[in-house]
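Residue strings, one per chain:
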Amino acid sequence: MSEDIIETLLRSDCDKYRVQGRVCLEEDEYFMGLASWEAKRSKDPHFQKGAIVVNDDDEIISRGYNCWAKGNNYPYNETVKKLIITHAVFNAILNAPGKVKDCRIYVTLFPCNECAKMIIQSGIKSVIFSSDENGDTYKASRRMLEDAGIDIRQQVSPPVYTESELAAQGNSDDEKTQQNDTCYEPPKKQMKSKVSNKK
């Protein structure tokens, strides 16, 4: 794990990820955190999405984020965006050096219908998502994934901030960090005072 990610988690306001000053992430938390970092590469001003493909040996096979199709550098426009943008899942699967069959994919946002089709056809066995904010819109994709026997589960992403975002938080972030630091101080043993009976 890079020093930037460690520093971010240490400065996070989520106590769960900090134990006596050390970062302790479960497997799914770690890979979802990386998917969130991957999403930061997207230049979409409204939706930054990331995806990480991992095999059974917990090796990262591929990664992707939502971006314009190669060679398209059009100014941002919602109408144009829908026509030329490639989704994070789409890019992660296409960027893989080989087959992704039986792998699992970590996505920051639940896959859309088109991405669900690609997940099914590529043989990915598990989808781990962080946000389902478009749940009503993606009912069809969820149904397709379930019918295909693909394991679906949610894993909330650990907080991910860039250096500029951390700087923007200012002193309030430092105050939270100081408060969190005190949460993990080992309890001090109370020394019993010895009272002498001698006069």
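Structure first, text after, so check above.
So, here's what we can say about the structure. If you're wondering where the values come from, they're calculated on a predicted model, not measured in any experiment.

1. Re the pairing of strand 3 (residues 50-54)
Consecutive residues of a regular strand have side chains that alternate between opposite faces of the sheet.
Reasoning step 1: Among the five residues of strand 3, five are classified as buried, and the element is accordingly described as predominantly covered.
Reasoning step 2: Both strand 3 and strand 4 (residues 60-65) contribute to a ladder of five bridges, which runs antiparallel. The partner of Val 54 across the bridge, within strand 4, is Ile 60.
Reasoning step 3: Linking strand 3 back to strand 4 in an antiparallel pair, the connection comprises five residues, with Asp 58 at a positive phi of about 60 degrees.
Reasoning step 4: Both strand 3 and strand 7 (residues 104-109) contribute to a ladder of four bridges, which runs antiparallel. Within strand 7, the position partnered with Val 54 by the bridge is Arg 104.

2. Remarks on the packing of aromatic side chains
Reasoning step 1: Applying the stated criterion across every chain, the model contains three aromatic pairs.
Reasoning step 2: Measuring from ring centre to ring centre gives 5.0 Å for Phe 110 and Phe 129, while their planes differ by 80 degrees; the resulting arrangement is edge-to-face. With a gap of 19 residues between them, Phe 110 in the loop between strand 7 and helix 5 (113-122) and Phe 129 in strand 8 (residues 126-131) connect regions that are remote in the sequence. For the pair Phe 110 and Phe 129, one class covers both residues: buried.
Reasoning step 3: One aromatic cluster in this structure is built from Tyr 30, Phe 31 and Tyr 106.
Reasoning step 4: For the cation-ring pair, Lys 49 lies above Phe 47, with the distance from its terminal atom to the ring centre recorded as 5.2 Å.

3. Things to note about the pattern of salt bridges
Reasoning step 1: Following the criterion strictly, the structure yields nine salt bridges and no others.
Reasoning step 2: Between Glu 38 and Arg 63 there is a salt bridge, and its shortest N-O distance comes to 3.2 Å. Of this pair, Glu 38 sits in helix 2 (residues 27-39) while Arg 63 is found in strand 4, placing the two residues 25 residues apart along the sequence.
Reasoning step 3: Glu 38 sits in the buried class, given a relative accessible area of 7%.
Reasoning step 4: The network of salt bridges with shared partners includes Glu 27, Asp 58 and Arg 104.

4. Quick look at the nonpolar core
Reasoning step 1: Counting residues in hydrophobic clusters, the biggest one holds 23 residues, and the most contacted among them are Val 89, Ile 105, Ile 119 and Leu 145.
Reasoning step 2: At the level of elements, strand 3, helix 4 (88-95), strand 7, helix 5 and strand 8 are the ones that each hand at least two residues to this core.
Reasoning step 3: Here the element with the most residues in this core is helix 4; it accounts for four residues.
Reasoning step 4: Each residue touching Val 89, except ones within four places of it in the same chain, is listed here: Ala 51, Ile 105, Val 107, Cys 115 and Ile 119.
Reasoning step 5: Ranked by size, the runner-up nonpolar core spans eight residues in total, among them Phe 31, Met 32, Ala 35 and Ile 128.

5. Structural notes on the pairing of strand 7
Reasoning step 1: Summarising burial for strand 7: six of the six residues are buried, a large majority.
Reasoning step 2: Alignment of strand 7 against strand 8, held across five bridges, turns out to be parallel. Across the sheet, the residue bridging to Ile 105 is Val 127, located in strand 8.
Reasoning step 3: Once you follow strand 7 into helix 5 and on to strand 8, the crossover reads as right-handed.

6. Quick notes on the packing of helix 5 against helix 6 (residues 139-147)
Angle between the axes and distance between the axes: these two values describe a pair of packed helices.
Reasoning step 1: Two elements in contact, helix 5 and helix 6, have axes whose closest approach is 8 Å; the angle formed by their N-to-C orientations is 10 degrees. Taken together, helix 5 and helix 6 sit at an angle that is classed as roughly parallel. Between helix 5, through Asn 113, Ala 116, Lys 117, Ile 119 and Ile 120, and helix 6, the contact on the second element is made entirely by Ala 140, Ser 141, Met 144 and Leu 145.
Reasoning step 2: A per-class count over the contact of helix 5 with helix 6 returns six nonpolar, two polar and one charged.

7. Considering the environment of Ile 93
Reasoning step 1: Within the element layout of this structure, Ile 93 appears in helix 4.
Reasoning step 2: The exposure class of Ile 93 is buried, given its relative accessible area of 11%.
Reasoning step 3: Expressed as a C-alpha distance, the spacing of Ile 93 and Met 118, which sit 25 residues apart in the sequence, is 8.1 Å.
Reasoning step 4: The residues touching Ile 93, leaving out its near neighbours within four places in the chain, are Val 100, Met 118, Ile 119, Ser 122 and Ile 124.

Parameters and conventions
- Residues numbered from 1 in each chain as written.
- Predicted model: local features only at pLDDT ≥ 70, side-chain atom pairs only at ≥ 80, totals over all residues.
- Heavy atoms only, no water.
- Buried < 20%, exposed > 50% of the residue type's maximum accessible area, 1.4 Å probe, protein only.
- Helix = DSSP H or I, 4+ residues; strand = E, 2+ residues; numbered from the N terminus.
- Pairing = 2+ DSSP bridges.
- Phe/Tyr/Trp six-rings, centres within 6.5 Å; stacked < 30°, edge-to-face > 60°.
- Lys NZ or Arg CZ within 6 Å of the ring centre and 35° of its normal.
- Salt bridge = Lys/Arg side-chain N within 4 Å of Asp/Glu carboxyl O.
- Core = buried A, V, L, I, M, F, W, Y, C linked by side-chain atoms within 4.5 Å.
- Contact = heavy atoms within 4.5 Å.
- Right-handed = clockwise from strand over helix to strand, strands pointing away.
- Axes fitted to C-alpha atoms, helices over the stretch in contact; angles between N-to-C directions.
- Parallel < 35°, antiparallel > 145°, perpendicular 65-115°, else oblique.
- Nonpolar A, V, L, I, M, F, W, Y, C, P; charged D, E, K, R; others polar.

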